[in-house]
Amino acid sequence: MVEGKIIRIFTAFTRYPRVLTIKAQYYKQMKQAPVLFLLIVLFNFSSAQQTRYISDPQESFNQAKEFFQKGQYSLAYPILKDLQLTLRSTDRSNDALNYQEVRYYAIVCALKQNEQSSVALAQEFIDVEDNAPRVQMMSFHLAEYHYRKQDFIKAIHAYENVNIENLSNEEIADLKFHLGYAYFTVQRFDQAKPLLDVIRQMPGDPNYQDANYYYGFIAFYEKNYRDALDAFMIVEDHPEYGKVAPYYISTIRYTLKQEDQALAYAESRLKRGNQYYDLEMRQLIGHGYFQKKEYEKAIPYLETYVNKSERVSRPDLYELSYAYFQTNKLDKAIEGFKQLGGKEDSLAQHSMYLLGDAYLKTNQKANARNAFLFCSVNSSNEKQREISMYNYAKLSYELGYQDVALSELQKFMQIYPSSEYSGEAREMLVNVLANTNNYGDALTLIEGIQNPTPATRRLYARILYGRASELINDGMLVTANTLLTRAEQERDNASVLPFVRFWKGEIAYRLNNIDEAIRYYYEYLKSGVASGEANPVHARYNLGYCYLKKENYQQALGFFEQVAGSPRINASPMHQDAYLRAADCYYMN
């Protein structure tokens with residue numbers, strides 16, 4: 001991730017280094033300012049005079065060349081201009097070489113003084129003259145003019161026409177650096193590299209540090225990290241390049257698995273301040289500590305980077321949010337993770353997974369449920385998808401979304417039958433089925449659990465009773481009675497036992513097992529509880545019929561009278577029937 005960021009920075013770095021070179025040239029010019037001022041005064045004074053009479057052209061030419069060789073071009077130039085004007089046409093034809101020399105030096109002086117009009121004269125000299133050494137030298141000076149003007153395309157074209165045999169050692173060195181820099185600027189790195197490499201190995205050359213700086217970038221771009229590191233180390237304390245190089249030095253060391261050195265170096269350079277890539281260095285340090293799992297150390301660097309950067313990548317925001325999460329700064333972690341959803345990649349899925357966990361830790365179950373839903377529909381990480389699907393179903397159950405919980409748990413069991421959470425999911429599904437009166441499915445599921453938890457075991461009697469009730473409604477009395485017997489035998493059956501006894505009495509009565517029916521009705525009446533048809537009134541009414549069938553009219557009369565009560569016009573059919581059966585008992589007695 002860090003390397004990718006550096007490569008992106010590299011594509012835009014030439015603007016800043018170029019400014020540094022311009023500044024360096026500016027400072028050099030400023031140092032020469034007093035001398036230049038004197039020369040300008042002298043030049044203006046000379047220009048203000050009429051063309052002087054030259055009694056000895058050769059002596060004047062020698063003096064101009066002396067000024068030229070000393071770099072005093074503003075002194076040489078007016079002399080050479082006067083020589084050009086005073087030489088008669090016959091002198092030009094009789095002494096062509098001398099005139100060509102005068103013209104050559106005059107044009108070069110004009111180029112050295114950055115006179116725009118000299119460009120056409122220089123090009124004409126190159127095109128017309130047949131003096132190969134002078135033509136190539138003119139190409140060199142024209143190239144230098146374009147270089148100073150930062151017209152690197154034209155400079156490259158001119159430099160490429162120069163034969164170094166006609167240059168001094170100093171000029172050869174300048175040509176190699178300037179051409180190398182020009183190639184570098186137009187991103188022709190393959191051609192720039194060997195030229196810069198020559199100069200970077202010449203500590204005494206004025207462009208030694210500059211060459212190392214630019215060579216370092218090319219080596220970095222080519223992933224020749226050790227060469228790049230050597231080059232950048234040369235300029236780490238340079239007044240201008242030292243603002244940039246430390247970032248690349250830190251990055252290279254990190255890339256070379258020298259993490260501790262990279263972090264220590266980057267931190268020490270940040271303390272000095274004045275770093276062009278201050279924020280990027282903070283990002284690098286924060287990332288380094290993040291990789292080392294030293295999240296407390298990572299947070300201040302990542303925080304500064306994220307808060308002050310104009311644009312923050314999703315991985316950087318994730319690292320900060322994760323560091324918050326690991327250090328229990330959950331509110332900040334939540335705010336970060338919330339911004340990382342909405343995509344289909346693994347980073348979005350993992351962020352939603354951690355967001356759900358953070359919500360759970362802060363007791364925000366509804367928000368956690370939504371986060372796990374987003375994670376469960378992303379298949380980037382199958383394990384996280386599995387856990388999130390389970391958590392979404394579980395939270396749906398806990399928050400009362402029973403229908404959603406039912407469908408999600410069933411889907412989870414279908415997709416992940418061998419999941420480590422399948423046992424818990426199965427037991428939860430039993431609860432949901434029981435709560436939604438799906439007793440048949442609940443019974444099948446709970447009987448498939450080998451070692452149910454005590455909580456699930458406590459549901460067994462209720463499920464048996466519920467399923468038996470369904471079978472009674474379907475007229476399957478024998479099967480229902482079997483389930484009621486099993487429910488009666490369960491230890492944790494207190495909540496349903498009275499009703500189990502009522503219905504066992506009801507089934508026994510319907511199957512004409514009168515004595516068993518009487519026993520169960522009496523057991524039920526001891527509880528005094530009621531639920532639907534299973535209530536004391538029905539039990540007494542049925543007991544009346546049991547005793548009536550046994551021809552125990554006195555006992556039957558007692559139960560029928562309890563049900564019938566006082567005669568009422570709007571009495572229910574059961575009450576009316578009980579009243580009539582009471583009359584029958586009186587008659588039979």
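Since the model is a prediction, treat every value here as computed from it, not as a measurement.

Caption draft 1: Main features of the overall build of the protein chain. Each helix and strand in the protein chain was counted, giving 34 helices and 0 strands. Taking all 589 residues of the protein chain together, the buried fraction comes to 50%. Summarising the internal contacts of the protein chain: among those between residues at least 6 apart in sequence, 54% fall at separations of at least 24.

Caption draft 2: How the structure looks around unusual backbone geometry. Its identity as a non-glycine residue notwithstanding, N274 has a phi of 60°, on the positive side. Tracing the chain through its elements places N274 in the loop between α16 (259-272) and α17 (278-291). Its identity as a non-glycine residue notwithstanding, N512 has a phi of 65°, on the positive side. Here N512 lies in the loop between α30 (497-510) and α31 (514-525).

Caption draft 3: Here's a closer look at the pattern of salt bridges. This structure, assessed with the given rule, holds 34 salt bridges. Between E335 and K338 there is a salt bridge, with its nearest N and O atoms 3.4 Å apart. Placement of the pair is E335 and K338 together in helix α20 (residues 330-338), with a separation of 3 residues, close to one helical turn.

Caption draft 4: Spotlight on the packing of aromatic side chains. In the structure shown here, the tally under the stated rule is 50 aromatic pairs. With centroids separated by 6.0 Å and ring planes inclined at 50°, the aromatic side chains of Y104 and F125 adopt a geometry described as tilted. Here F125 lies in helix α8 (residues 118-128) and Y104 lies in helix α7 (residues 96-112), a separation of 21 residues in the sequence. By the burial criterion, Y104 is buried, and F125 matches it. Relative to Y221, the ring of F189 has its centre 5.5 Å away and its plane inclined at 50°; by these criteria the two rings are tilted. Pair noted here: F189 is in helix α12 (residues 189-200) and Y221 is in helix α13 (residues 208-221), with a separation of 32 residues, a long-range link. The residue whose ring lies beneath R369 is Y401, and the NZ or CZ to ring-centre distance is 4.1 Å. Its end group placed over the ring of Y520, R519 keeps NZ or CZ at 4.4 Å from the ring centre.

Caption draft 5: Main features of the packing of helix α23 (residues 382-398) against helix α24 (residues 402-415). Their axes nearest at 8 Å, the elements α23 and α24 cross at an angle of 155°. Compared by their axis directions, α23 and α24 come out roughly antiparallel. Relative to α24, the crossing made by α23 is left-handed. In this structure, α23 contributes E386, M389, Y390, Y392, A393, S396 and Y397 to the contact, and α24 contributes Q402, V404, A405, E408, L409, K411, F412 and I415.

Caption draft 6: Fine view of the environment of A405. Tracing the sequence through the fold places A405 in helix α24. Spatially, the C-alpha atom of A405 lies 8.1 Å from that of Y392, the residues being 13 residues apart in sequence. Residues in contact with A405, not counting those within four places in the same chain, are A393, S396, Y397 and V432.

Caption draft 7: Focus on the packing of α12 against α13. It is at 8 Å that the axes of α12 and α13 come closest, and there the two elements cross at 140°. The orientation of α12 with respect to α13, classified from their angle, is oblique. Two packed elements cross with a definite hand, and for α12 against α13 that hand is left-handed. Listed contacts from α13 to F189, A192, K193, L196, D197, I199 and R200 of α12 are Y208, A211, N212, Y214, Y215, I218 and Y221. Classifying every residue of the contact of α12 with α13 by side-chain character gives 10 nonpolar, 1 polar and 3 charged.

Caption draft 8: Inspection of the environment of A368 at higher detail. By the secondary structure assignment, A368 is in helix α22 (residues 365-376). Remark: the alpha-carbon pair of A368 and L354, spanning 14 residues in sequence, is separated by 9.5 Å. What A368 contacts, discounting residues up to four positions off in sequence, is G356, Y359, L360 and L395.

Caption draft 9: Representation of helix α15 (residues 245-255) in the model. Summarising burial for α15: 10 of the 11 residues are buried, a large majority. Of the residues making up α15, those classed as buried are A245, P246, Y247, Y248, I249, S250, T251, I252, R253 and Y254. Where α15 ends, the next residue or the one after it, K257, has phi of about 70°, a positive value.

Caption draft 10: Quick peek at the environment of E488. Inspection of the secondary structure puts E488 in helix α29 (residues 477-489). Each C-alpha atom of the pair E488 and R501 lies 7.8 Å from the other, and the pair is 13 residues apart in sequence. Sequence-distant contacts of E488, that is, excluding residues within four places in its chain, are made with N493, L497, V500, R501, K504 and Y520.

Caption draft 11: Fine view of the confidence of the model for the protein chain. On average, residues of the protein chain score 88 in pLDDT, and 89% of them are at 70 or above. The low-confidence segment residues 1-53 (pLDDT under 50) makes 73 contacts with residues lying over four places distant or belonging to another chain.

Caption draft 12: Here's a closer look at the side chain of S376. Of note, S376 is situated in helix α22. Those residues within four positions of S376 in sequence are excluded, and the remaining contacts are R385, S388 and M389.

Caption draft 13: Structural view of helix α26 (residues 439-446). All of the buried residues along α26 are Y439, A442, L443, L445 and I446. One side of α26 holds all its buried residues, which, seen down the axis, span an arc of 165°. Summarising the contacts, the buried residues of α26 are in contact with α25 (422-435), α27 (454-457), α28 (460-473) and α29.

The rules behind each value
- Position numbers for residues start from 1 in each chain and track the written sequence from start to end.
- Whole-chain, interface and lining totals are the exception, using all residues; otherwise, since this is a predicted model, local features are given only for residues with pLDDT of at least 70 and side-chain atom pairs are given and counted only at 80 or more.
- For the side-chain quantities, the full set of heavy atoms in the structure was used; hydrogens and water were omitted.
- Comment: elements are numbered from the N terminus, with helices defined as DSSP H or I runs of at least four residues and strands as E runs of at least two.
- Here's how the labels work: a residue is buried when its accessible area is under 20% of the maximum for its type, exposed when over 50%, partly exposed in between, all with a 1.4 Å probe on protein chains only.
- Residues are treated as being in contact if the distance between any of their heavy atoms lies within 4.5 Å.
- By definition, a salt bridge exists where a carboxyl oxygen of Asp or Glu is found within 4 Å of a side-chain nitrogen of Lys or Arg.
- What counts as a ring pair is set by centres within 6.5 Å for rings of Phe, Tyr and Trp (its six-membered ring), and what kind of pair is set by the plane angle: stacked under 30 degrees, edge-to-face over 60, tilted for all other angles.
- Any Lys NZ or Arg CZ found within 6 Å of a ring centre and within 35 degrees of that ring's normal is scored as a charge over the ring.
- For every element, the axis is a line fit to its C-alpha atoms; helices are fit only across the contacting stretch, and the angle between N-to-C directions ranges from 0 to 180 degrees.
- With respect to orientation, any angle under 35 degrees is reported as roughly parallel, any angle over 145 as roughly antiparallel, any angle of 65 to 115 as roughly perpendicular, and every other angle as oblique.
- Crossing handedness is defined as follows: a turn of the near helix away from the far one that is anticlockwise and smaller than a right angle gives a left-handed crossing, while the clockwise case is right-handed.
- Here the term charged refers only to Asp, Glu, Lys and Arg, the term nonpolar to Ala, Val, Leu, Ile, Met, Phe, Trp, Tyr, Cys and Pro, and the term polar to all other amino acids, Gly among them.
- Known as pLDDT, the predictor's per-residue confidence is scaled from 0 to 100.
- This arc is built from the directions going out from the helix axis to the C-beta atoms.

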